[in-house]
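Summary of structural features
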Amino acid sequence: MRLSILIFDGLTTLDAIGGYEVLARVPGVEVEFVAAQRGIVAADTRRLGLVAFREFSEVTATDILYVPGGPGAFALEKDELFLDTIRLLDKTSTWTVGICNGVGLLAAAGLLTGLKATTNWFYQDRLRAYGVEFVAERYHRDGKYVTGAGVSASIDTGLFLAALIAGDQVAKTLQLGIEYYPAPPFPETRPQDVAVEIQDRVRRFESEGGKKQMRLEPPFRNMFRASVPAE
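Calculation notes
- Residues numbered from 1 in each chain as written.
- Predicted model: local features only at pLDDT ≥ 70, side-chain atom pairs only at ≥ 80, totals over all residues.
- Heavy atoms only, no water.
- Helix = DSSP H or I, 4+ residues; strand = E, 2+ residues; numbered from the N terminus.
- Buried < 20%, exposed > 50% of the residue type's maximum accessible area, 1.4 Å probe, protein only.
- Contact = heavy atoms within 4.5 Å.
- Core = buried A, V, L, I, M, F, W, Y, C linked by side-chain atoms within 4.5 Å.
- Pairing = 2+ DSSP bridges.
- Axes fitted to C-alpha atoms, helices over the stretch in contact; angles between N-to-C directions.
- Left-handed = near helix turned anticlockwise from the far one by under 90°.
- Nonpolar A, V, L, I, M, F, W, Y, C, P; charged D, E, K, R; others polar.

**Quick word on the overall build of the protein chain**
- The helix and strand inventory of the protein chain stands at eight helices and 11 strands.
- C-alpha atoms of the protein chain, sized along the principal axes, occupy 45 × 45 × 35 Å.
- Residues counted as buried form 47% of the 231 residues belonging to the protein chain.
- A separation threshold of at least 6 residues defines the contact pool for the protein chain, and within that pool the share at least 24 residues apart is 65%.

What follows is the structure, encoded as structure tokens:
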């Protein structure tokens, strides 16, 4: 079973790696990281890169299509090459996964119209604008589409999908294997429980800070072939 994780300049790494750490360990799953070009793809922090060892032209089918999010995803909502790649791979996939505002890329490709999906807490209105019914859940399934909320929800989503593919015992084994029993040091359990001033701070970053961060030069640009646009 092929798992194709689409990566792009400015992705949030945990969106991709949370699910990867689970699904890559499901028996029979082979993982590939795919981008518009082969090479190192810079994350939103500009201090970490993931290697794309396949490019879009090399991948025409998959069993699991996995699309993470991040600040770089906003521009891709109008990138027809990226959206066409999503549409092409979705035609053959058994499962199509979106995480965080990567769910918005599935919506922009027209795959979620009229369906229910979750996404990160500040993206929900934008998701609705694509004709998708937002559900405030950690992960959600509507047919073959499995969507996850923000960032760390990629792990929960991966475990949910692992159970669907390989059964609860395998998924529980993987959960123990990665020792995922979260117990954060703060009492809030949902985004809406967080103090308003903290919510506002995150919203400001998502609206402006992410764009500023994307303009930072990755320090590894001249060390390796980095899949980031030249200034």
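**Topic: the environment of G102**
- On the secondary structure map, G102 appears in helix α4 (residues 102–108).
- The contacts of G102, once residues within four sequence positions are left out, are V67, P68 and G69.

**Quick look at the nonpolar core**
- Core analysis: the largest hydrophobic core is formed by 56 residues, its most contacted members being L6, I7 and I86.
- With five residues, the single largest contributor to this core is α4.
- Every residue in contact with I86, bar those within four places of it in the chain, is listed here: L6, L65, V67, L105, L106, A109 and L111.

**Notes on helix α1 (residues 13–23)**
- Regarding α1, the residues found buried are T13, D15, A16, G18, G19, V22 and L23.
- Looking at the packing, one finds that the buried side of α1 touches β1 (2–6), β4 (49–52), β6 (64–67), β7 (95–99), α6 (153–166) and α7 (168–177).

**Considering the side chain of T85**
- Mapped onto the fold, T85 is located in helix α3 (residues 80–92).
- Overall, T85 belongs to the buried group, its relative accessible area being 7%.
- When neighbours within four sequence positions are excluded, T85 is seen to be in contact with L6 and F56.

**Examining the sheet that holds strand β10 (residues 139–142)**
- Taken in spatial order, the seven strands make up an open sheet running β5-β2-β1-β6-β7-β11-β10, and their pairing is mixed. Each end of this open sheet is capped by a strand with a single partner; those strands are β5 (54–55) and β10.
- Across two bridges, strand β2 (residues 30–35) lies against β5 in parallel orientation. Within β5, the position partnered with A35 by the bridge is E55.

**Points about the packing of α6 against α7**
- Contact geometry of α6 with α7 gives a least axis separation of 7 Å together with a crossing angle of 145°. For α6 against α7, the interelement crossing comes out right-handed. Between α6 and α7, the residues in contact are L159, A162, A163 and A166 and D168, V170, A171, L174 and Q175, respectively.
- For the contact of α6 with α7, the residue count by class is seven nonpolar, one polar and one charged.

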